[in-house]
Amino acid sequence: MGNVHVLDHPLIQHKLSYIRDKNTGTKEFRELVDEVAMLMAFEITRNLPLQETTIETPVMETKTKVLAGKKIGLVPILRAGLGMVDGMLKLIPAAKVGHVGLYRDPETLKPVEYYIKLPSDIEERELIVIDPMLATGGSANDAIDSLKKRGAKNIRLMCLIAAPEGVEVIQEQHPDVDIYLAALDEKLDEKAYIVPGLGDAGDRLFGTK
Ligand code: PRP
Ligand code: URA
């Protein structure tokens, strides 16, 4: 079963409190999500493999280390996932970015896919699916299904906040996928919003309603 990692770095937790606060306006919300995404990228890349190389400093030749292994691909789920891309790219600037467009039908609460565009070599990449919210898990589950159908083999999921219900769905449907969160919340409400959550991530990021 995929592991759940709650990234409880104090800076992440501090900034997340302001992200959750209903009095935080769009500009500040966007900036904070960007900062938290960057901090989460730092934590999520902690175990990337290294390989030895030789360089010359101004003083002498020496052995040092550089990243080895698989290249990274970021796959934000549109639209709210977009809010986390730039923050991650600050630390992983060479990552390629694919997009999966999904929205949750307000009646059925089921995800509807309306767009997909991925790097051509996804089967060779370590993919990080990004979405601020993992609620029922329907959107992330569908996005991961779509990636696997197209050949993806190494997938991780990164969200700001998850409900236990969503985590369970991903663990059942995709036991190979590790999940990285800034917080694991209490539950879903009757409209499948995360409680206490942060409200509608897309609307808060883009100032829509
Ligand atoms: C939100 C969120 C996730 C999804 C989570 O997107 O960004 O993609 O809901 O819910 P789930 O786990 O129950 O599927 P939304 O459908 O509101 O679309 P948006 O990003 O375009 O606002
Ligand atoms: N999508 C959101 O944006 N927020 C929630 O709480 C649940 C789904």
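Residues numbered from 1 in each chain as written. Chains lettered and ligands numbered in written order. Predicted model: local features only at pLDDT ≥ 70, side-chain atom pairs only at ≥ 80, totals over all residues. Heavy atoms only, no water.

## Observations concerning unusual backbone geometry
Let me state the cut-off plainly: What counts as a helix is a DSSP run of H or I of at least four residues, what counts as a strand is a run of E of at least two, and both are numbered from the N terminus. Buried means the residue's accessible area, taken with a 1.4 Å probe over protein chains only, is under 20% of the maximum for its type, while exposed means over 50%, and partly exposed covers the values in between.
Cis geometry marks the peptide bond from Leu78 to Arg79; its omega dihedral reads 5°. Mapped onto the fold, Arg79 is located in the loop between strand 4 (71–78) and helix 3 (85–91). Across the junction of Val195 and Pro196, the peptide omega takes the value 0°, indicating a cis bond. Locating Pro196 in the fold gives a position in the loop between strand 13 (194–195) and helix 6 (201–206). Despite not being glycine, Leu109 shows a phi value in the positive range, around 65°. Looking at the secondary structure, you find Leu109 in the loop between strand 6 (99–104) and strand 7 (111–117). For Leu109, a relative accessible area of 26% corresponds to the partly exposed category.

## Here we look at the packing of helix 4 (residues 138–149) against helix 5 (residues 164–173)
Rules: Here an axis means a line fitted to C-alpha atoms, over the contact stretch when the element is a helix, while the angle between two N-to-C directions is reported on a 0 to 180 degree scale. Orientation labels follow simple angle bins: below 35 degrees gives roughly parallel, above 145 gives roughly antiparallel, 65 to 115 gives roughly perpendicular, and whatever is left gives oblique. Left-handed describes a crossing whose near helix is turned anticlockwise from the far helix through less than a right angle; right-handed describes the clockwise counterpart. Note on contacts: a residue pair is in contact if any heavy atoms of the two residues lie within 4.5 Å. In this count, Pro and Cys sit with the nonpolar residues alongside Ala, Val, Leu, Ile, Met, Phe, Trp and Tyr, while Asp, Glu, Lys and Arg are called charged and the others, Gly among them, polar.
Interaxial distance between helix 4 and helix 5 falls to 9 Å at its minimum, and their mutual angle equals 25°. Compared by their axis directions, helix 4 and helix 5 come out roughly parallel. In the crossing of helix 4 with helix 5, the sense of the turn from one axis to the other is right-handed. Each of Ala140, Asn141 and Ile144 in helix 4 lies in contact with helix 5, whose residues at this interface are Val169, Ile170 and Gln173. Along the lines of polarity and charge, the residues of the contact of helix 4 with helix 5 split into four nonpolar, two polar and no charged.

## Regarding the site of ligand 2
Selection criterion: What makes a residue near a molecule or strand is one non-hydrogen atom of that residue sitting within 4 Å of it. As used in this structure description, the phrase polar contact means that two N or O atoms lie within 3.5 Å; if the pair is within protein, one of them must be able to donate a hydrogen and the other to accept it, and residues adjacent in sequence are counted only when both atoms belong to side chains. All accessible-area figures derive from a Shrake-Rupley calculation using a 1.4 Å probe, and residue coverage is judged against the displayed protein chains alone.
Residues in close proximity to ligand 2 include Arg104, Met133, Ala135, Ala192, Tyr193, Ile194, Gly199, Asp200 and Ala201, which together make up its full environment. Gly199 has a polar backbone atom sitting 2.8 Å from a nitrogen atom of ligand 2. Here an oxygen atom of ligand 2 sits 2.8 Å away from a polar atom, N or O, in the main chain of Ala201. About the coverage of ligand 2: the protein hides 88% of its 240 Å² of free accessible area. Its residues placed into classes, the shell around ligand 2 shows six nonpolar, one polar and two charged.

## So, the UniProt feature "binding site: 5-phospho-alpha-D-ribose 1-diphosphate" (unreviewed entry) in the protein
Our working definition: UniProt positions are given in the numbering used here, feature names are shortened, and annotations may be inferred rather than shown by experiment.
What UniProt calls "binding site: 5-phospho-alpha-D-ribose 1-diphosphate" (unreviewed entry) maps, in this numbering, to Arg79, Arg104, Asp131, Pro132, Met133, Leu134, Ala135, Thr136, Gly137, Gly138, Ser139 and Asp200. When you line up the elements, Gly138 lands in helix 4. In this structure, Ser139 sits in helix 4. Ignoring sequence-local partners within four residues, the contact set of Ser139 consists of Ile77, Leu102, Arg104 and Pro111.

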